[in-house]
Amino acid sequence: MESNKNVIIIGGGVIGLACAHYLIEKGASVRIIEKDGIGDGASHGNCGLLYFSDVIPLCSPGAVTHEIHRTLCGTSPLYIKPTLDTKRLSWLLKFAAKCRSRPMHQAAKDKYEILAYSTDLFEQLLDLETLGCDFEKKGILTVFKNEKNLDKFTETNNFLRTYNLGYTRLEKNQVLEMEPSLAPSIAGAWHSTFDWHLRPELLMASWRKHLVQKGLIIEEHSKMLDFEISGSTITHVNTVKGKFAADAFIMATGAWAPRTAKQLGLNLPVQPGKGYSITMERPEVCPEFPCVLYEKNMVVTPWTSGYRLGGTMEFSGYSTTLNYKRLSKLINGATQYMRDPTGTPVIEEWAGLRPMTYDDMPIIDQSPTQNNLVIATGHGMLGLTLATGTGKIVTDMVYNQTPEINIHPFRISRF
Ligand SMILES: Cc1cc2nc3c(=O)[nH]c(=O)nc-3n(C[C@H](O)[C@H](O)[C@H](O)COP(=O)(O)OP(=O)(O)OC[C@H]3O[C@@H](n4cnc5c(N)ncnc54)[C@H](O)[C@@H]3O)c2cc1C
């Protein structure tokens, strides 16, 4: 145990809980300030993949033309609301500029390191008996409808093999034998063995309980308003329920980070990337493996306790209102790949906001303007997967220790 520090974490998503976990392990007294309930943000209804093999960033060569083509064909899972919002337009242009081979290779290398680090830490974390969350280590099936796409994935797989993350190709008969819940009209699949899955809202509930038993204090429905600052040191955070003092502060406010960082003069290029999910009871013919439905860019996740369809990406601001046209795309997509695509009853229809950076890398850094603030956001499509690595890096930063992996790719000054 190290010397006691009082730490306040703003934001009770999976990143906030992971930071709390490693800080408490180190001996810190930790309080989480959350505007809604713990785990009510993006960390609630996501697809639950611990997608450790996902080293290839979203901004890769051909990504923009591919999406324009799919938009014109009406098959794109992406929707960008027409806007004059200069921040969103600038974000989109910078994303497009990153879709080149060199930045893609560098980002993959950098992502690999934090993915591998998070894998090891999750291995230890999920050994804790108190963290019940329907966790399984079965890998993922990436399923294809189109023979050409199935063949073309060989190129992606060759790239993954350079990181020792190669998948196994399964011809149609092989995959139907392994996963009989898939429709006979599919072309085939690639199986990764490096990825795991769990039920995110169960993880959030059991992790919260575990940490509260270890001394975590939680202030829910306590929206942070602003900071009180003396020189370059934050002394207090003001919330709708009063003010709190601490030695160190962590900003883990996900997609809302540009708003909570504004007072500090920080311009964080994080855009909310809205995604949807539908959670049901298990269908009669339920898959054994989580499936990524390649052409639809969506995920089917089975658990012993239920079944979820999730995906789509909308750049339309901060509203989490459900758009039923987008939700029905998930059902339509699953219908094309699964024999029994839906279970009854539907338990929850949900939308959440992913914190997206234009280079698809998280932001994990000391604030450049305050000496006792660490910022941890921008985890995009992989916040659950990268939670443990992020929590550990943040804890090392709070204790002025050198993190165990290279943190240069996550610095704020890259923007
Ligand atoms: C449909 C979908 C599927 C996904 N699937 C996966 C997956 O399979 N695997 C994976 O790894 N990732 C997945 N993700 C991404 C993942 O959900 C996110 O990256 C992750 O949840 C981000 O965690 P977070 O803690 O940063 O943000 P959040 O969970 O959004 O938490 C941020 C918290 O900060 C709080 N907050 C904001 N402002 C304030 C304020 N002023 N005061 C106090 N509190 C505040 C919010 O209320 C919120 O609770 C998916 C996302 C979506 C939408």
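Scroll up to find the structure.
Residues numbered from 1 in each chain as written. Predicted model: local features only at pLDDT ≥ 70, side-chain atom pairs only at ≥ 80, totals over all residues.

*Asks:* Is there a simple way to think about the overall build of the protein chain in this case?
*Replies:* Counting its regular elements, the protein chain contains ten helices and 20 strands. Considered along the principal axes of its C-alpha atoms, the protein chain spans approximately 65 × 45 × 40 Å. Buried positions account for 47% of the 415 residues belonging to the protein chain. The long-range share in the protein chain, meaning contacts at least 24 apart out of those at least 6 apart in sequence, stands at 77%. (Helix = DSSP H or I, 4+ residues; strand = E, 2+ residues; numbered from the N terminus. Buried ≥ 20, exposed ≤ 12 C-beta atoms within 10 Å, placed from the backbone. Contact = placed C-beta atoms within 7 Å.)

*Asks:* Would you mind going over helix H10 (residues 387–398) with me for this structure?
*Replies:* Three or four residues apart is the spacing at which side chains of an α-helix point the same way, because the helix has 3.6 residues per turn. In this model, H10 (twelve residues) spans 16 Å end to end at C-alpha, consistent with the 16 Å of a helix rising 1.5 Å per residue. Buried within H10 we find Ala387, Thr388, Gly389, Thr390, Gly391, Lys392, Ile393, Val394, Thr395, Met397 and Val398. Tucked into the core, H10 has its buried residues touching strand E1 (6–10), helix H1 (14–25), helix H4 (101–125), strand E13 (248–251), strand E19 (363–366) and strand E20 (373–377). Two residues or fewer past H10, Asn400 is found with a positive phi of approximately 55°. (Expected span 1.5 Å × (residues − 1).)

*Asks:* Whenever I open this one, the pairing of strand E7 (residues 188–192) confuses me. Can you help?
*Replies:* Walk down a regular strand and you will see the side chains alternate between the two sheet faces. Summarising burial for E7: five of the five residues are buried, a large majority. Where strand E5 (residues 140–144) meets E7, five bridges bridge the pair, whose relative direction is antiparallel. Each bridged residue has a counterpart across the sheet, and for Leu141 the counterpart in E7 is His191. The sheet contact formed by strand E6 (residues 168–171) and E7 spans four bridges and is antiparallel. Considered in E7, the bridge of Arg169 is made with Trp190. (Pairing = 2+ DSSP bridges.)

*Asks:* In this structure, what is going on with the site of the ligand? I would like to understand it.
*Replies:* In the vicinity of the ligand there are 43 residues, among which Gly13, Gly41, Gly254, Gly275 and Gly383 approach most closely. Of all the secondary-structure elements, those providing two or more residues to the shell around the ligand are H1, strand E14 (270–280) and strand E18 (346–357). Residues of the shell around the ligand, tallied by class, amount to 17 nonpolar, 20 polar and six charged. (Near = placed C-beta within 6 Å. Nonpolar A, V, L, I, M, F, W, Y, C, P; charged D, E, K, R; others polar.)

*Asks:* Just checking my understanding: could you explain unusual backbone geometry for this structure?
*Replies:* Residues other than glycine predominantly adopt negative phi, and peptide bonds predominantly adopt the trans conformation. Here the bond from Thr344 into Pro345 is cis, since omega is -5°, no more than 30 degrees from zero. Relative to the helices and strands, Pro345 is located in the loop between helix H9 (324–335) and E18. With phi around 70°, Thr312 is a residue other than glycine that occupies positive phi space. Looking at Thr312, the number of C-beta atoms within 10 Å reads 23, which means it is buried.

*Asks:* Sorry, what's going on with the sheet that holds strand E10 (residues 224–230) here?
*Replies:* Remark on secondary structure: sheet strands pair via backbone hydrogen bonds, oriented parallel or antiparallel. Strand order across the open sheet formed by three strands is E10-E11-E12, with antiparallel pairing between neighbours. Of all the strands in the sheet, the pair left with one neighbour each is E10 and strand E12 (242–245). Adjacent strand axes in the sheet meet at a mean angle of 25°, parallel and antiparallel pairs treated alike. Two elements, E10 and strand E11 (residues 233–239), share six bridges in a ladder whose sense is antiparallel. What sits directly across from Met224, in E11, is Thr239. (Axes fitted to C-alpha atoms, helices over the stretch in contact; angles between N-to-C directions.)

*Asks:* Explain the sheet that holds strand E2 (residues 29–33) here, please?
*Replies:* Sheet architecture is open: six strands sit in the order E9-E2-E1-E13-E20-E19, paired in mixed fashion. What marks the edges here is a single partner per strand, and that holds for strand E9 (217–219) and E19. Strand after strand, the sheet turns through a mean of 15° between neighbouring axes, direction not considered. Across five bridges, E1 lies against E2 in parallel orientation. Across the sheet, Val7 pairs through a bridge with Val30, a residue of E2.

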